[in-house]
Structure formats: C-alpha cells, structure tokens
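Here is how the chains run, residue by residue.
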Amino acid sequence: MPCLKVDHLSKTFRGGVFEKDKHVLQSLSFSVPEGKTTGFIGVNGSGKTTSIKCVLDFIHPDSGSIEFFGEKRLTPEIKRRIGYLPERPYYYEFLTAIEFLQFHWRLAGAVGDFEARALEVLQEVDLIKAKDRRLRAFSKGMLQRVGMAQALLCKPEFLILDEPMSGLDPDGRALIKDIIRDEQKNGTSIFFSSHLLNDMDELCDHLVVRLGC
C-alpha cells in the first residue's frame, strides 16, 4: 500500500477582472511507496508547491482524490504520522529554537520526553549551540535547518519536504542529504521536491516529474 496516492488532481486559481485564470494542476496522478524516497521534480513554477499544499489540505483542489495510508481523510491520527517542511516556512521570530520546537510538540499533541527529543534533533541539524538563541538572529540557512528539526521532531513515518535544501550553503546541503539518508535507513517514507537533478540522482528511489501545464 502506498503511503500517499494522488489521483487526477486539478487546481485552477481564478484571475481578477483583468487577469486570466491560472491552471496550475491538470489531472495529476502519482503515488509514493512506503519505505522509499520519492523525488518530486520540475522547473520553478510547475506546480510542485501547489500540489503539496493540496495534498496536505492547506488549499482545496478543484477535483481529484488524495489518500494517506489508504485513508481518504487527513485525520488527526494520520497527521501525527507525517512530518512536513514547507518551502517558505513562517517562524515566530521572538521564540528561541527550543521554544519553537516545544510549540510544535504541543501542537502535534506529542507525548514523551520533549527535552531529550528536542536536543536530539537540534544536534542532528547542527544547531545545539544555538538552542537558546532567538530565531530572529538566525541566518536563512539556520532557519531552514531548524525547520528540518521541526519536521523530524515527532519521529514521523512519512516526511514531506518542499525544497529542503533551499538557501543552504554546501555544508548545509550535505547535512540535509545525510539526514535524508539516515531517515531512509530507518525506513521512513520520504517525498521531497526539488528542481535539481543531482539531488534526485543521489537520494531517490522513484521520481515524479512535473512538466507544467
């Protein structure tokens, strides 16, 4: 059973008085097998982020069906099995890194030893020394890495990453790739978007290609 199945997904954004409608997705179908890494590749503007937002119910598609683990509703139980890193995450800049993770831990309704898990993921993304620093003082690359820490925090079965290496320097890119490889070894299902073929070649078992509408 795939952890994600998308069938004939379509989405159009309505234009204004002097603008044409924008057909972003037209009958998009794909699946993401469990325990594998699936790359979602396409040029900028081909609808990758819109597809992910539709999949996660942030925006509503015009037509089509979406299933997670065989379920047609994105229930709270299903959401707890998913980790997500958006392309352009929004951060409360007055929070420290550890407070940011605690906020998401509570939102997810997670149980267990938060402090131990938070320190573990901050170590994983090389931000342990910045755990008490406010996010407003973070560089773009550091913000991307703390976002990755948030996605990993609750030990998800399925990771959805939208351009996870965006804005990172070579060391940061290597770090995120190592994290993806570690998650692969642990059996995590991964779906990540990129417009870089080299990343897909290095990391992916399967590809979904967006050619644009």
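Up top is the structure these notes are about.
Treat the numbers as computed from the prediction; the structure is a model and nothing was measured.

Student: Could you give an account of the sheet that holds strand β2 (residues 22-32), naming the residues involved and the relevant values?
Tutor: In sheet architecture, strand pairing relies on hydrogen bonds along the backbone and comes in two forms, parallel and antiparallel. Taken in spatial order, the three strands line up as β2-β1-β4 in an open sheet, and their pairing is antiparallel. Here the strands that pair on one side only, and so sit at the sheet edges, are β2 and β4 (63-68). On average, each strand axis in the sheet is inclined to that of its neighbour by 20 degrees, with strand direction left out of account. Pairing of strand β1 (residues 4-13) with β4 involves five bridges; the strand directions are antiparallel. Looking across to β4, one finds that D7 is bridged to S65. Strand contacts of helix α1 (residues 48-55): β1, β2 and β4, with the helix running at about 115 degrees to β1, the strand carrying the most contacts.

Student: Describe helix α5 (residues 140-152), with residues and values.
Tutor: Helix length check: α5 (13 residues) gives 19 Å between terminal C-alpha atoms against 18 Å at 1.5 Å per residue, within 8%. With twelve of 13 residues buried, α5 lies mostly within the body of the structure. Among the residues making up α5, those that are buried are G141, M142, L143, Q144, R145, V146, G147, M148, A149, Q150, A151 and L152. As for α5, its buried residues are in contact with β5 (82-85), α3 (97-107), α4 (114-124), β6 (158-162) and α6 (170-185).

Student: I'd love a proper account of the packing of aromatic side chains, names of residues and values included.
Tutor: Within the structure shown, the criterion is met by eleven aromatic pairs. Considering the side-chain rings of Y92 and F103, the 5.6 Å spacing of their centres and the 85 degrees angle between planes classify their relative orientation as edge-to-face. Note that Y92 is positioned in the loop between β5 and α3 and F103 in helix α3, a separation of eleven residues in sequence. One aromatic cluster is present, built from ring pairs that chain together Y90, Y92, F94 and F103. Its end group placed over the ring of F13, K11 keeps NZ or CZ at 5.3 Å from the ring centre. In this arrangement the basic side chain of R81 is found over the ring face of F69, its NZ or CZ atom lying 3.8 Å from the centre.

The rules behind these values
Residues numbered from 1 in each chain as written. Predicted model: local features only at pLDDT ≥ 70, side-chain atom pairs only at ≥ 80, totals over all residues. Heavy atoms only, no water. Pairing = 2+ DSSP bridges. Helix = DSSP H or I, 4+ residues; strand = E, 2+ residues; numbered from the N terminus. Axes fitted to C-alpha atoms, helices over the stretch in contact; angles between N-to-C directions. Contact = heavy atoms within 4.5 Å. Expected span 1.5 Å × (residues − 1). Buried < 20%, exposed > 50% of the residue type's maximum accessible area, 1.4 Å probe, protein only. Phe/Tyr/Trp six-rings, centres within 6.5 Å; stacked < 30°, edge-to-face > 60°. Lys NZ or Arg CZ within 6 Å of the ring centre and 35° of its normal.

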